[in-house]
Amino acid sequence: MGVAKRKVLVTGVAGFIGSNLADRLVREGYQVTGVDDLSAGILEQVPGEVDFHKADIRSPKLAELFEGVDVVFHLAAKNCVSDCQLRPYETADVNILGTVNIFEAARTAGVRRVVYAESSAIYEGTKSLPTPETDFTPQTFYAISKAADHLFAKAYQSFCGMKMVGLRYLNVYGPRQDYRRAVPPVMSAFIINLLTGREPRIFGDGAKRRDFIHVDDVNDFHLLCIESEGVVNGVFNLGSGVNHSIQEIYDLTCELLGTKVAPQYLPDVPGEALANLGDITRARSVGWKPRVNLESGLRGLIEYIRTEIAAGNVAGAGTLQKPVTEDDSVRV
Ligand SMILES: NC(=O)c1ccc[n+]([C@@H]2O[C@H](COP(=O)([O-])OP(=O)(O)OC[C@H]3O[C@@H](n4cnc5c(N)ncnc54)[C@H](O)[C@@H]3O)[C@@H](O)[C@H]2O)c1
């Protein structure tokens, strides 16, 4: 009989990245405990094998779930940039105090390693592309909350001897990307609109460039974080190494769908960076590299959305959650 794999706890397990990670961990034989308050997550996305707890990351009662946990992946966050701009207090409460509550529970339980989500939004004011991890130019309340998490993690490392790994995702895409938002992430929005006969919309002229990384690639790095010594106490950009303009994404989506519809160009969203691109030298140096090319990743997303449409799930797009402002079309 094989040795039972260790226990891993995932916060934000009902969300896009968390549910994909949980699937992968279950497949690899880990025992997974999942936490999510379902404020944005979807219960049906959580694999049945997960020991799921509907709970807020700010709850003091969470600590008991950390007993016997080997590694924590802390992904839960309030992460809609425009919504965070409208609600700075709540953003700080969930993203900073919630994160400290998770770090504290992990410390008390003697968890071996904590892997937590920062964001490339920390670079939103940067002048250097590709951006190395040494940059630190957060501007919005969301990015500042992630920057604060970074500093708290450093302090837990220094003063409590904890092993922490911070992940700065670029624009993650793939199945279960949250298309239910009032304005879904850009790829999902294009696909949904093109498949359902609604007019595709581009905010600005389509020249903004984004570094898109597939969720399977991100999960490769997550898996590496469980055992690799090279990642301990590091912070890593997880991007693809290239960026693409929104127009290019639109054109490729049309090509893959075999359609040609002119998008509607709407006024630009003020304050959004013209480009992002992560320097992934550091992540590569610990043995990781992105494997999914944009075309096959986009094909997979199209298939996922087709299935969701067939299941009748997409009709409610934009109605299942509180509407947010229009500037959520491209998020970092
Ligand atoms: N998706 C991206 O491109 C991207 C880019 C950079 C950073 N990130 C970060 O990665 C993490 C995961 O992102 P995602 O895209 O999967 O987001 P998501 O919104 O799909 O998942 C986040 C999950 O956290 C849960 N949550 C929110 N507040 C909570 C609370 N107070 N208590 C418990 N659960 C709560 C939500 O219900 C949701 O299921 C987040 O920390 C996000 O900031 C994501």
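Structure first, text after, so check above.
Here is what the cut-offs are and how they apply
- Along each chain, residues carry numbers from 1 onward, in the same order as the chain's sequence is written.
- The predicted nature of this model means local features are confined to residues of pLDDT at least 70 and side-chain atom pairs, given and counted, to a pLDDT of 80 or more, with totals for whole chains, interfaces and linings taken over all residues.
- With hydrogens and water stripped out, all remaining heavy atoms of the structure feed into the side-chain values.
- Strands pair, by our definition, only if DSSP identifies at least two bridges between them.
- Comment: elements are numbered from the N terminus, with helices defined as DSSP H or I runs of at least four residues and strands as E runs of at least two.
- Axis definition: a line fitted to C-alpha atoms, over the contacting stretch in the case of helices. Angles run 0 to 180 degrees between N-to-C directions.
- Should any heavy atoms of two residues lie within 4.5 Å, those residues are counted as being in contact.
- In this scheme, a residue with accessible area under 20% of its type's maximum is buried, one over 50% is exposed, and one in between is partly exposed, where area comes from a 1.4 Å probe on protein chains only.
- Looking down the strands as they point away from the viewer, one classifies a crossover as right-handed if the path from the first strand across the helix to the second runs clockwise.

A. Expanded view of the sheet that holds strand β4 (residues 71–74). What the 7 strands build is an open sheet, ordered β3-β2-β1-β4-β5-β6-β11; its pairing is parallel. For this open sheet the edge positions go to β3 (51–54) and β11 (235–238), each flanked by a neighbour on one side alone. Going across the sheet, the axis of each strand differs from the next one's by a mean of 15°, ignoring polarity. Set on the sheet, helix α1 (residues 16–27) makes contact with β1 (7–11), β2 (31–36), β4 and β6 (164–169); between it and β1 the angle comes to about 165°.

B. Spotlight on the pairing of β2. Most of β2 is tucked away: 5 of the 6 residues are buried. Across 5 bridges, the pairing between β1 and β2 is parallel. From the neighbouring strand, V8 faces β2, where its bridge partner is V32. Assessed by its sense of winding, the connection that carries the chain from β1 through α1 to β2 is right-handed. As judged from the 4 bridges shared by β2 and β3, these two strands associate in the parallel manner. Bridging across to β3, D36 finds its partner in K54.

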